[in-house]
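Below are the chains, spelled out letter by letter.
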Amino acid sequence: MKRFLPIIISLVCWVIFIALSTLNAVLHYKANFIMILFVYVLFAGAAMGATFICWKIFKPRTEVLEKSTDDKELSYLDYSMELIANLAFIILFCCLMQLQFPNYFDVFFERYIQIGSLRINKFYMFPIVTYLIIPLWFNLIFKGLKEKNFDNNYASSAIMQILIITLASYLLMMALPNSWCLELAIIEILTVAAAIRKYIWKKWSKKKISIFMIGYVYFWGFALISRFNQGIRYTLPLSTYLNTSINYVKMIFNGSLLVGPSSQLLKNLDITQFLAGRNNYILSGLCQGGWITFIAIIITLFVFLCSTYRLLGKRGISNDYYVLCKAVWCGLALRVIFGTLYSFGIMIPFNLPFSNNLSLCIDTMGLGLLICNYYSSLHKDKALPNDNKTNE
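The structure contained in this document is the topic of the report that follows.

Cut-offs used in this document
Residues numbered from 1 in each chain as written. Predicted model: local features only at pLDDT ≥ 70, side-chain atom pairs only at ≥ 80, totals over all residues. Heavy atoms only, no water. Pairing = 2+ DSSP bridges. Helix = DSSP H or I, 4+ residues; strand = E, 2+ residues; numbered from the N terminus. Core = buried A, V, L, I, M, F, W, Y, C linked by side-chain atoms within 4.5 Å. Buried < 20%, exposed > 50% of the residue type's maximum accessible area, 1.4 Å probe, protein only. Contact = heavy atoms within 4.5 Å. Phe/Tyr/Trp six-rings, centres within 6.5 Å; stacked < 30°, edge-to-face > 60°. Lys NZ or Arg CZ within 6 Å of the ring centre and 35° of its normal. 1 Å grid on protein atoms, 1.4 Å probe; cavity = no way out; pocket = protein on both sides within 12 Å on 5 of 7 lines; lining within 4 Å. Points joined across faces, edges and corners; volume = space filled by probe spheres on them. Nonpolar A, V, L, I, M, F, W, Y, C, P; charged D, E, K, R; others polar. Polar contact = N/O pair within 3.5 Å; in protein donor to acceptor, adjacent residues only side chain to side chain. Expected span 1.5 Å × (residues − 1).

Reading across from one edge, S1-S2-S3 is the order of the three strands in this open sheet, with antiparallel pairing throughout. The open sheet is flanked by strand S1 (105-106) and strand S3 (118-121), the only strands paired with a single partner. Note: S1 against strand S2 (residues 112-115), two bridges, orientation antiparallel. Across the sheet, residue Phe 105 finds its bridge partner in S2, namely Ile 115.

Looking at soluble globular proteins, one finds that nonpolar side chains tend to be buried together. Counting residues in each nonpolar core, the largest one holds 57 residues, and the members touching the most others are Phe 17, Ile 252, Tyr 281, Leu 301, Phe 304 and Leu 370. Among the elements of the structure, helix H1 (5-29), helix H2 (33-58), helix H9 (238-255), helix H11 (269-276), helix H12 (281-310), helix H13 (322-343) and helix H14 (357-383) are those that each provide at least two residues to this core. If one sorts the elements of this core by residue count, H13 sits on top with eleven residues. The residues contacting Leu 370, other than those within four sequence positions of it, are Thr 308, Leu 311, Leu 312, Cys 325, Val 328, Trp 329 and Leu 332.

Bringing unusual backbone geometry into the picture now. You will see that Phe 354, though not glycine, has its phi angle at about 60°, which is positive. Relative to the assigned elements, Phe 354 resides in the loop between H13 and H14. Judged by relative accessible area, Phe 354 falls into the buried class, the value being 0%.

Moving on, we get to the packing of aromatic side chains. Applying the stated criterion across every chain, the model contains 19 aromatic pairs. Seen in terms of ring centroids, Phe 212 and Tyr 216 are 5.9 Å apart; in terms of plane orientation they differ by 25°. Their pairing is stacked. One end of the pair is Phe 212 and the other is Tyr 216, both in helix H8 (residues 206-230) and four residues apart, which spans about a single turn. Phe 212 gets classed as buried once you look at its relative accessible area, which sits at 11%. Ring centres 5.3 Å apart and planes at 80° place the aromatic pair Trp 291 and Phe 294 in the edge-to-face group. Within this pair, Trp 291 and its partner Phe 294 are both found in helix H12, separated by three residues, close to a single helical turn. A relative accessible area of 26% means that Trp 291 is categorised as partly exposed. Lying across the ring of Tyr 199, Lys 198 places its NZ or CZ 5.2 Å from the centre. Directly above the aromatic system of Trp 201 lies the positively charged group of Lys 206, at a separation of 5.0 Å from the ring centroid.

What follows is about empty space enclosed by the protein. Going through the model one piece at a time under the given rule, you end up with one cavity of 30 Å³ or more. If you add up the space inside the largest cavity, you get close to 70 Å³. Lining of the largest cavity is provided by Ile 141, Phe 142, Leu 145, Ala 155, Ala 158, Ile 159, Ile 162, Ile 196, Ile 200, Trp 204 and Phe 212. Sorting the residues of the lining of the largest cavity by element identifies helix H5 (122-147) and helix H6 (152-173) as the ones contributing at least two each. Among the elements that make up the lining of the largest cavity, the one with the highest residue count is H6 (four residues). Of the residues that constitute the lining of the largest cavity, the class distribution is eleven nonpolar, no polar and no charged.

Okay, the side chain of Ser 284 next. Counting through the fold element by element, Ser 284 comes out in helix H12. Judged by its relative accessible area of 4%, Ser 284 is buried. Here Asn 280 takes part through its backbone oxygen, which lies 3.0 Å from a polar atom of the side chain of Ser 284.

Further remarks concern the pairing of S3. Where S2 and S3 come together, four bridges link them in antiparallel fashion. By the bridge assignment for S3, Gln 114 is matched with Arg 119. The antiparallel pairing of S2 with S3 creates a hairpin that spans two residues between the two strands, and Gly 116 there sits at a positive phi of about 70°.

A few words now on H6. For H6, spanning 22 residues, the distance from its first C-alpha to its last is 32 Å, which sits close to the expected 32 Å at 1.5 Å a residue. Listed in full, the buried residues belonging to H6 are Ala 155, Ser 157, Ala 158, Gln 161, Ile 162, Ile 165, Thr 166, Ala 168, Ser 169, Tyr 170, Leu 172 and Met 173.

Spelled out as structure tokens, the structure:
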């Protein structure tokens, strides 16, 4: 029973967050409680169920992968290079089409991909690219580098592939708001760091690893600083928005009671509009339930962060899906940490986990993936002989 404790705690926190998001929607949008609860539970349940089904269907068996690669001359790194060549062709083709038909074809400069009359919203593509495709692709590259015994000639190829994927992902998502590009940068940097720790940290020169990571972080820093200097995607001047946000947060903190709702805050139309625009159940809980509720929510977020980290497993780095699961957990951690700081008025516009419809689906699928990985690792540990466990 003790082994399943991280799963139980994570699911309990998940239910609490769904309840908080439901109450927040009911209070600020004057919606029917039963209807909102039904929609949120339906979304969350469908996302969790879809994750379990996809894990069961698409999760490859390690022995099958090893057998298939043994029978083929094409290595992981060569296979990734073929994908890179196809990606480069697609990017060049999209650039050509965008120059020739700017009114009918747009991939890079808007928040949606337009192909004729078809429009694909990039907000829905973002989690698939950031938390699924890129981690799996980076894992494939580093696994291929390990397969080549960390040869320096192949290392240069692996580095170029990583940079091309990074550049392609930035070009695809650069039209999104700054906070989304910041999340993309942080997740990709942490994903590369996780892959390095898993595959090459003990096999490669620490000096070379440090140079590569510094260069990789510098690339993202240059890209983000250029965006911020140009003021891309800010709808209001930063100083005005920041001062307004901090003033509202101060009013909420000063007017909240120890226990129970504050009638002074709830009668203030400016504050209610400010809370409705944020979908923030921390500040809403502070207004409606007082400081006791506020502290309870903060503790729940901390417990959720710790329990989901435990879902990575004690020997998670030896797991085949360590890089993917670490990227997913980092995404949840970003929303917990930066979302909490955003609740205090700090200008890091990240939503709290499970705080809106899109976040509810994305974060639920991430949690489901961590649970599936942890559950399968329990069965793997159980199947291992005791001497293998002690050796690890």
